[in-house]
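Here are the chains, one letter per residue:
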Amino acid sequence: MATTDRHSTRNPDRRPGRHPRQAATLALAHALSAAERGLAVIPLSRTKLPALRSPHRPEDPPCHGTCGRFGHGVYDASTDPARIRALFAAAPWATGYGIACGLPPHRLIGVDLDTKSGTDATGALRELGLRHLFSIPPTVVVVTPSGGRHLWLTGPPDAVIPNSAGRLAPGIDIRGAGGYLVGPGSRTAHGVYTTAPGTAHLVPAPCPRGLLRLLVERADSRGTPGTPATPATPGTSGASSGRASGAHGRGLLQFVLAAHEGQRNTRLFWAACRAYENGIGEALADALVAAAVRTGLTEREARSTVASAARMSRPTA
């Protein structure tokens, strides 16, 4: 199954001796191999959930890694071998790895064709292709233990694809920004994820325009594409609203500054989207760019990313 980030404060697999060391060693080897191809990874437990528990209490404010500790699910994902080894060292019970979607350079989009629901997801995708004039090009395909298939596609830099379950068609789930796919070679409670014969040597193919249009249209119908809405705080106005905006702006800047290699552009884009959604985008743009430059992006890259966020967050007519 393709998965959204659902890291928990509880980890039922964190029991010494439950999994052989060989499984953890293989999972790390597969994860490092994926990272060499530019895919950001995290360790997973046999339940397919992030192997590292959250360092925060349920009542704590949301944190996407700004605290600098491990345990933030897909927000821990990295292509840096040293960081990946540290993640797996902190989770010796890990038996698999997740591949974060939506991150550069591939901006992976996962199309999960389910078989457990009794629906013909492959046929449904074929019908969508006939109706909207697209076909899936040769690409990486991962076979799940239940017989499902994960198609790996890549997205353009100016589109953020959200996660969805059954919205495109029954039995078809989409994993985009904020989600992850279980990587081939991962061992779970139900079996091993494998690469379909004849696809291991391929690179993820670009998402066909017709399919991309469907994904973006369905995102637009829900609001801002690919990003969770930030609810307004009722009853705030004047000075109190200004204080809230200031605190929110500082939080966004800290979020960008905490980015590791492989996360910098995506974190900047996410923070800029939040800023424009909350009406502080123009005021915060230069500070966001400066923060991104401090993490290693060039000023040109940072300004381009903020400009993309501004376009994506602009209300459609």
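Conventions and cut-offs
- Residues numbered from 1 in each chain as written.
- Predicted model: local features only at pLDDT ≥ 70, side-chain atom pairs only at ≥ 80, totals over all residues.
- Heavy atoms only, no water.
- pLDDT = per-residue confidence, 0-100.
- Contact = heavy atoms within 4.5 Å.
- Helix = DSSP H or I, 4+ residues; strand = E, 2+ residues; numbered from the N terminus.
- Buried < 20%, exposed > 50% of the residue type's maximum accessible area, 1.4 Å probe, protein only.
- Polar contact = N/O pair within 3.5 Å; in protein donor to acceptor, adjacent residues only side chain to side chain.
- Pairing = 2+ DSSP bridges.
- Core = buried A, V, L, I, M, F, W, Y, C linked by side-chain atoms within 4.5 Å.

As a further point, take the confidence of the model for the protein chain. The predicted model of the protein chain averages 82 in pLDDT, with 81% of residues at 70 or higher. Low pLDDT (under 50) marks residues 6-19, which in the prediction has 30 contacts with non-local residues, meaning those over four places away or in another chain. Contacts for the low-pLDDT stretch residues 222-245, under 50 throughout, to residues beyond four places or in other chains number 25 contacts.

Let us look at the side chain of Ser186. Along the polypeptide, Ser186 turns up in the loop between strand 9 (179-182) and strand 10 (187-188). Taking relative accessible area as the criterion, Ser186 reaches 1% and is therefore assigned buried. In terms of polar contacts, Ser186 uses its side chain to reach the backbone amide nitrogen of Tyr97, at 3.0 Å.

Our next topic: the pairing of strand 8 (residues 172-175). In strand 8, alternate side chains face the same way, and those of Ile172 and Ile174 on one face and Asp173 and Arg175 on the other are all buried. In terms of strand pairing, strand 4 (residues 108-113) meets strand 8 through 4 bridges, oriented antiparallel. The residue bridging Val111 from the neighbouring strand is Ile174, located in strand 8. As paired strands, strand 7 (residues 164-169) and strand 8 are joined by 3 bridges and run antiparallel to one another. Within strand 8, the position partnered with Ala169 by the bridge is Ile172. Once strand 7 ends, the chain turns through 2 residues before running back antiparallel as strand 8, passing Gly171 with a positive phi of about 85°.

Counting residues in each nonpolar core, the largest one holds 34 residues, and the members touching the most others are Val41, Ile84, Phe88, Tyr97, Ile99, Leu108 and Trp152. Elements that contribute at least two residues to this core include exactly helix 1 (21-36), strand 2 (41-44), helix 2 (81-90), strand 3 (96-100) and strand 9. The element best represented in this core is helix 1, accounting for 6 residues. Setting aside its immediate chain neighbours within four residues, Ile84 contacts Leu28, Ala31, Leu32, Ala35, Val41, Ser78 and Thr79. Core analysis: the next-biggest nonpolar cluster, separate from the first, contains 25 residues, Trp270, Ala272, Ala291 and Ala292 among them.

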